[in-house]
Amino acid sequence: MYLENKSNLEIEMSQTSAQGHQGRSSLRSPEAVAGNFGELRLLQGISERRDTQKLQQSAVLPSGQCVIHSEGFVPVRQEDGHSFSVVNILRGKTNSANLSERSPLLRFSQDDSITYMTLHDPSFVGGEEPWDNSALDLERRYRLGSEVTSLSLSRSSSSEKSDPLDNLNFRLTSSMKCCFKVSKIATIFTIVVLCSLFFSMYPDRDNPWRMLAVSSTDSFSMNLTDFRDNALLKLQVGGPFTGGMIDLTNQEYILIQVEQAEQPGQRRRRTQQVIHNWTIPLHGERSDQILVTKTFEMVSSDPIVITIQAFLQDDEVVPLSMTHQSLFVSVETQVAIAGIILAGVYVLIIFEIVHRTLAAMLGSLAALAALAIIGDRPSLVTVVEWIDYETLALLFGMMVLVAIFSETGFFDYCAVKAYQLSRGRVWPMIIILCLIAAILSAFLDNVTTMMLFTPVTIRLCEVLNLDPRHVLIAEVIFTNIGGAATAVGDPPNVIIVSNQDLRKEGIDFASFTGYMFLGICLVLVSSFPLLRMLYWNKKLYNKESIEIVELKHEILVWRQTAQRINPASREETAVKCLLMQKVLNLESLLRKMMKTFQRQISQEDKNWEQNIQELQKKHRITDRVLLVKCVSVLAVVIFMFFLNSFVPSIHLDLGWIAILGALWLLVLADIQDFEIILHRVEWATLLFFAGLFVLMEALAQLQLIDYIGEQTALLIKAVPEDQRLAIAIILVMWVSALASSLIDNIPFTATMIPVLINLSQDADVNLPVKPLIFALAMGACLGGNGTLIGASANVVCAGIAEQHGYGFSFVEFFRLGFPMMIMTCMIAMCYLLATHIGLGWNM
């Protein structure tokens, strides 16, 4: 697929230097470079952006030639009669003796019949050297050059004197890095092998389902034997149940009693019957089949009696299905195992030992192995069902839409307009971007907002010579804040509003949005000074000139592109060697530029009007027809997102809407090369979410989330009654915020809602449910800013930025996100206490 069509090559390579600026956007993405080497504008020398730099490095070409014809590599002979193999990249008929890093990788002669490739590398010499050995030698030089460049760039550019100890320090550092790498791989591989062995030693749970029917007059009873001491009984019951706890005085429900005899011991002289009651409310229409699960702690190995009774208002029969299994590890031990696994995943992500996608997959494997050990190994079908495919479909559909949208040049155009609106001033521009992102995320999904905003922000920062990382982190923080303002802005709010039991308590769409909107507006206004305070000592401008920054980023793109090529043929090997040689030449140029660079940072662009005129000539809409198609489809998709929240007759989830919109745009845009679009889909981000869903559900099966909810309820009950409401609001708020920073806020919110409803219905506690639910919503939404994986928008933004070469780490996000989370939660807590305790709202 590489370099096969000569006519396409000539078309792409005939672009003028004025069009070289338009190729910058496509160069920004390594996937775009690796996606289609037929588009050789990506291989065109892009250093024409560095017009002011006159540094050149002349290289002597090897005295050999290799012609790349449409049929493959053709070795030729020099005039002196010496023969050369295909490794020697030769000159064409044109005079290419004076080459520099700005020379294009491919050159074309006047003759239309032959395409020439020029690779200037002084290390290539004549001789019968096999291709494979030269490729390996070039790759070794490439890797060594990358290491030396990364080491030299980390030092000060002014230190030009060589130290005799530098070589020794370099060797020691390399040895330590090698030892650390080997020990890291050995440790992780050992853990993976052990988890795989433990997972394979135990079978899937294949307990048969028992079908039964109960009524007001007929009950069901069964005896279970063969239980170990201190084991756990896990019951799963399916039937027409409701989602939460409701008032049992005027409702129909199922009562399940688990009874076991406790033998005499040191504290008890006679046998005593221990009875566990489990009440499950029934749905009035008897239509939806819901599966509920509860775990009971057994006190001995004596037989267990399970009794099921129905309390109904008539004589109808309720069909049920039930299965049971025994677990041999206590709840505390399961919670401890889950905590260790979660801590291990965070260690891998925080210290960047492995990629976050691999960390989520390793954590999922460890959690599944733990479930297998305790006797609750899920089947493959069950694990697949744990994945939230609606979220993955939403991500995939929006990625395809944004990938096609970026081809129109609209993001570059928006970046220039934002620059013009801010009049060259940085902080007004950042505030405008954050405010728009917060407003949009209040009505759209946070993921959709960041997918649209991240490319625009990156292009704008490149125009202003800003570091995009800090601006992107600020945007995603305000996206999470704005998403908490309405009932449809964040998934926890959607879960709360859609709960039928909370609607009966008066928490509907209008009341929830009205209360949350007022509080989030207060948080939003207070967050801008806090953000400015956190960024007070941050250098938003790049320390180097824009030419050096662009050259560094260009080297990064070329290196990532070369590493992603798996040479399976001569053509692919040649392309990889070309890219590696290009990196070496650019690194040499960078070292020269760093030596002569004088740091002159302009904190405010004085010539912004002149820059606007130049930028408007270079960055404008490139395909107006495609832009109209993209805007039309995206407008329909966003409109359907709104209708999905307000019109219940539309039976399309967000994922379906995004997928259908992607299909519409693929048809309208008449995409021929579908692989280009697939290369721009962030598969690593999708795999991370899939692994995270499995990990969180497995941790929920290990009783971690239930344990957090139960301990929170116990702490609230232990508080004196006159201070119970204030302490409950503070406790629920901060537990939700911290838990949402560490684990997914969706299962945590779904678990905490029944706990809080049950707590409010407890006669001994006597708490209103509305303040607790609002505290849960505030903490779950604002807590997503605590860590990089605290919210889906954080991960999506980091994935898109990484794809463009500006990825930020867990620690970089934590330094800004966690203080903002603490400050915003403090403001939200004050708002909750002032309205509920001081003013007595929702009491």
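Positions within a chain are numbered from 1, following the residues in the order the chain's sequence is written. Given that this is a predicted model, residues contribute local features only at a pLDDT of at least 70 and side-chain atom pairs are listed and counted only at 80 or more, while totals for whole chains, interfaces and linings are drawn from all residues. Values shown for side chains rest on all heavy atoms present in the structure; no hydrogens or waters enter the calculation.

As annotated in an unreviewed UniProt entry, the chain is OCA2 melanosomal transmembrane protein from Seriola dumerili. Taken from UniProt, the Subcellular location (unreviewed entry) comment for the chain reads in full: "Membrane". UniProt positions are given in the numbering used here, feature names are shortened, and annotations may be inferred rather than shown by experiment.

*Asks:* Where do I start with the overall build of the chain in this structure?
*Replies:* Helix and strand counts for the chain stand at 29 helices and 12 strands. Under the scheme applied here, a residue whose accessible area is under 20% of the maximum for its type counts as buried, over 50% as exposed, and between as partly exposed, the area being computed with a 1.4 Å probe on protein chains only. Scored against the burial criterion, the 843 residues of the chain give a buried share of 51%. Here, two residues are considered to be in contact whenever any of their heavy atoms come within 4.5 Å of each other. Taking the contacts inside the chain whose residues are at least 6 apart along the sequence as the reference set, 81% of them involve residues at least 24 apart. Shrake-Rupley sampling with a 1.4 Å probe provides the accessible areas, and residues are treated as covered by the protein chains on show and by no other component. Split by element, the accessible area of the chain, about 39,200 Å² in all, is 57% carbon and sulfur. Numbering goes from the N terminus for both helices and strands, where a helix is a DSSP run of H or I of at least four residues and a strand is a run of E of at least two.

*Asks:* Could you clarify how one ought to interpret the nonpolar core in this entry?
*Replies:* Looking at soluble globular proteins, one finds that nonpolar side chains tend to be buried together. What makes a nonpolar core is a set of buried Ala, Val, Leu, Ile, Met, Phe, Trp, Tyr and Cys residues whose side-chain atoms join them at distances within 4.5 Å. If you look at the biggest cluster of nonpolar residues, it comprises 172 residues, and the most contacted ones within it are Leu395, Ile404, Met451, Phe512 and Phe808. In this view, Met451 contacts Leu395, Met398, Met399, Val402, Val796 and Ile800; residues no more than four positions away in its chain are not counted. Counting residues in each nonpolar core, the second largest holds 26 residues, with Met222, Ile280, Ala310 and Leu320 among its members.

*Asks:* Can you walk me through the packing of helix 12 (residues 446-464) against helix 28 (residues 792-803) in this structure?
*Replies:* For any two helices packed against each other, the geometry is given by the interaxial angle and the distance between the axes. Here an angle of 0 to 180 degrees is reported between the N-to-C directions of two axes, which are lines fitted to C-alpha atoms, with helices fitted over the stretch in contact. The interhelical angle for the contact between helix 12 and helix 28, taken along N-to-C directions, is 30°, at an axis separation of 9 Å. Accordingly, the angle class assigned to the pair helix 12 and helix 28 is roughly parallel. Between helix 12 and helix 28 lies a crossing of right-handed hand. Of the residues in helix 28, those in contact with Asn446, Val447, Met450, Met451, Thr454 and Ile458 of helix 12 are Ser792, Ala793, Val796, Cys797, Ile800 and Ala801. Under the scheme applied, nonpolar residues are Ala, Val, Leu, Ile, Met, Phe, Trp, Tyr, Cys and Pro; charged residues are Asp, Glu, Lys and Arg; polar residues are all the others, including Gly. Here the contact of helix 12 with helix 28 is built from residues that sort into nine nonpolar, three polar and no charged. Each angle gets one of four labels, with under 35 degrees taken as roughly parallel, over 145 as roughly antiparallel, 65 to 115 as roughly perpendicular, and the rest as oblique. By convention, the crossing between two helices is left-handed when the near helix turns anticlockwise from the far helix through less than a right angle, and right-handed when the turn is clockwise.

*Asks:* Honestly, the sheet that holds strand 5 (residues 210-214) in this entry has me stumped. Any pointers?
*Replies:* We call two strands paired when DSSP finds no fewer than two bridges between them. The antiparallel open sheet is built from four strands, whose spatial order is 5-12-7-10. Each having just a single partner strand, strand 5 and strand 10 (290-297) make up the two edges of the open sheet. Adjacent strand axes in the sheet meet at a mean angle of 30°, parallel and antiparallel pairs treated alike. The pairing of strand 5 with strand 12 (residues 318-327) spans five bridges and is classified as antiparallel. Within the sheet, the bridge partner assigned to Ala213 lies in strand 12 and is Pro319.

*Asks:* Whenever I open this one, the packing of aromatic side chains confuses me. Can you help?
*Replies:* Pairs of aromatic rings are described using the distance from one ring centre to the other and the angle between the two planes. The aromatic pairing rule takes the rings of Phe, Tyr and Trp, using the six-membered ring of Trp, and pairs them if the centres are within 6.5 Å, calling planes under 30 degrees apart stacked, those over 60 edge-to-face and the rest tilted. Taken as a whole and judged by the stated rule, the model has 15 aromatic pairs. Seen from their ring centres, Phe478 and Phe528 are 4.6 Å apart, and the 25° between their planes marks the pair as stacked. One end of the pair, Phe478, is in helix 13 (residues 468-483); the other, Phe528, is in helix 16 (residues 509-534), with 50 residues separating them in the sequence. Across the pair, exposure class does not vary: Phe478 and Phe528 are buried alike. Measuring from centroid to centroid gives 5.1 Å for Tyr515 and Tyr831, while their planes differ by 40°, and the two rings are tilted. With Tyr515 in helix 16 and Tyr831 in helix 29 (residues 810-838), this pair connects stretches of sequence that are 316 residues apart.

*Asks:* For this particular structure, what's the right way to read the sheet that holds strand 11 (residues 304-311)?
*Replies:* Pairing between sheet strands relies on hydrogen bonds along the backbone, with the strands arranged either parallel or antiparallel. Spatially, the four strands line up as an open sheet ordered 6-11-8-9, and their pairing is antiparallel. Looking at the sheet topology across the chains shown, the edges are occupied by strand 6 (220-224) and strand 9 (272-281). Recorded for the sheet is a direction-independent mean angle of 20° between the axes of neighbouring strands. One ladder, built from 10 bridges, connects strand 8 (residues 253-262) with strand 9; its direction is antiparallel. Looking across to strand 9, one finds that Val258 is bridged to His276.

*Asks:* Explain the pattern of salt bridges here, please?
*Replies:* Pairing between side chains of opposite charge can happen when their charged atoms approach one another. Note on definitions: salt bridges are taken to be side-chain nitrogens of Lys or Arg within 4 Å of carboxyl oxygens of Asp or Glu. Counted according to the given criterion, the structure contains seven salt bridges. For the salt bridge of Glu462 with Arg459, the shortest nitrogen-to-oxygen distance reads 2.1 Å. In this pair, Glu462 and Arg459 are both assigned in helix 12, three residues apart and thus about one turn of the helix distant. You'll find Glu462 and Arg459 in the same group, each marked buried.

*Asks:* What am I meant to see in the packing of helix 27 (residues 769-782) against helix 29 here?
*Replies:* Interhelical geometry of helix 27 versus helix 29 gives an angle of 165° and a closest axis separation of 10 Å. On the basis of the axis angle, helix 27 is roughly antiparallel to helix 29. Handedness of the helix 27/helix 29 crossing: right-handed. Contacts between helix 27 and helix 29 pair Pro771, Phe774, Ala775, Met778 and Leu782 from the former with Met821, Thr824, Cys825, Ala828, Tyr831, Leu832 and His836 from the latter. When the residues that make up the contact of helix 27 with helix 29 are grouped by side-chain class, the tally is 10 nonpolar, two polar and no charged.

*Asks:* Where do I start with unusual backbone geometry in this structure?
*Replies:* Excluding glycine, residues mostly carry a negative phi; peptide bonds, for their part, are mostly trans. Of note in this structure, Glu352 is not a glycine but carries a positive phi near 55°. Examined against the element boundaries, Glu352 turns out to sit in the loop between helix 6 (331-350) and helix 7 (356-373). Even without glycine at this site, Gln703 takes up a positive phi of about 70°. With respect to the element layout, Gln703 can be found in the loop between helix 23 (683-701) and helix 24 (704-717). Note on Gln703: relative accessible area 12%, which makes it buried.

*Asks:* Explanation requested: a nonpolar patch on the surface in the structure shown.
*Replies:* A cluster of nonpolar side chains, namely Ile185, Phe189, Val193, Leu194, Leu197, Phe198, Met201, Tyr202 and Ile373, defines an oily patch on the protein surface of about 830 Å² accessible area. Considering every element that reaches the nonpolar patch, the biggest residue donor is helix 5 (residues 165-201), with seven residues. Exposure above 30% relative accessible area and no salt bridge define the residues that can form patches, which grow by joining like charges within 9 Å and nonpolar side chains of Val, Leu, Ile, Met, Phe, Trp and Tyr within 5 Å.

*Asks:* What am I meant to see in helix 12 here?
*Replies:* The α-helix advances 3.6 residues per turn, and as a result positions three or four apart in sequence lie on the same side. If you check helix 12, its first and last C-alpha atoms are 26 Å apart, about what 19 residues at 1.5 Å a residue would give, namely 27 Å. By definition, a residue's bend is the angle between the axes fitted to the seven residues ending there and the seven starting there. Along helix 12, the largest kink reaches about 30° and is centred on Phe453; proline Pro455 follows within four residues of it. With 19 of its 19 residues buried, helix 12 lies for the most part within the structure. In the stretch just after helix 12, Asn465 is the one whose phi turns positive, near 60°. By definition here, a helix of n residues has an expected span of 1.5 Å times n minus one.

*Asks:* Is there a simple way to think about helix 26 (residues 745-761) in this case?
*Replies:* Between its first and last C-alpha atoms helix 26 spans 24 Å; for 17 residues at 1.5 Å apiece the expected length is 24 Å, and the two agree. Turning to helix 26, its buried residues number three or more, namely Asn745, Phe748, Thr749, Thr751, Met752, Ile753, Leu756, Ile757, Leu759 and Ser760. Of the surrounding secondary structure, the elements contacted by the buried residues of helix 26 are helix 14 (491-497), helix 15 (500-504), helix 24, helix 25 (724-742) and helix 27.

*Asks:* Looking at this structure, how should I read the environment of Arg423?
*Replies:* Looking at the secondary structure, you find Arg423 in the loop between helix 10 (410-421) and helix 11 (426-441). Take Arg423: its relative accessible area is 45%, and that puts it in the partly exposed class.

*Asks:* Can you walk me through the confidence of the model for the chain in this structure?
*Replies:* For any part of a model where pLDDT is low, the fine detail of the predicted coordinates should not be relied upon. Here pLDDT means the predictor's own confidence in every residue, given as a number from 0 to 100. Taken residue by residue, the chain gives an average pLDDT of 75. The fraction at 70 or more is 74%. Element-level mean pLDDT values for the chain span from 37 in strand 4 (residues 115-117) up to 94 in helix 7. Scored below 50 in pLDDT, residues 1-133 shows 267 contacts in the model against residues more than four places distant or in partner chains. With pLDDT under 50 throughout, residues 598-605 is counted as low confidence; its partners more than four residues away or in other chains account for 14 contacts.

*Asks:* What is the right way to read the environment of Ser196 from this model?
*Replies:* As for its placement among the helices and strands, Ser196 is situated in helix 5. By relative accessible area, which is 33% here, Ser196 ends up partly exposed. Linking Ser196 and Ala366, residues 170 residues apart in sequence, is a C-alpha distance of 8.4 Å. Here the side chain of Ser196 touches Val192 through a polar contact of 2.7 Å, landing on its backbone oxygen. Within 3.5 Å is the distance limit for a polar contact, defined as a pair of N or O atoms, with the added protein rule that one can donate a hydrogen and the other accept it, and that residues adjacent in sequence qualify only through two side-chain atoms.

*Asks:* Please explain the side chain of Asn785 as it appears in this structure.
*Replies:* Relative to the helices and strands, Asn785 resides in the loop between helix 27 and helix 28. Engagement of the side chain of Asn785 in a polar contact is seen with the side chain of Asn480, the distance being 2.7 Å. Excluding its chain neighbours within four sequence positions, the residues that come into contact with Asn785 are Val476, Ile477, Asn480, Ile481, Phe813, Gly817, Phe818 and Met821.

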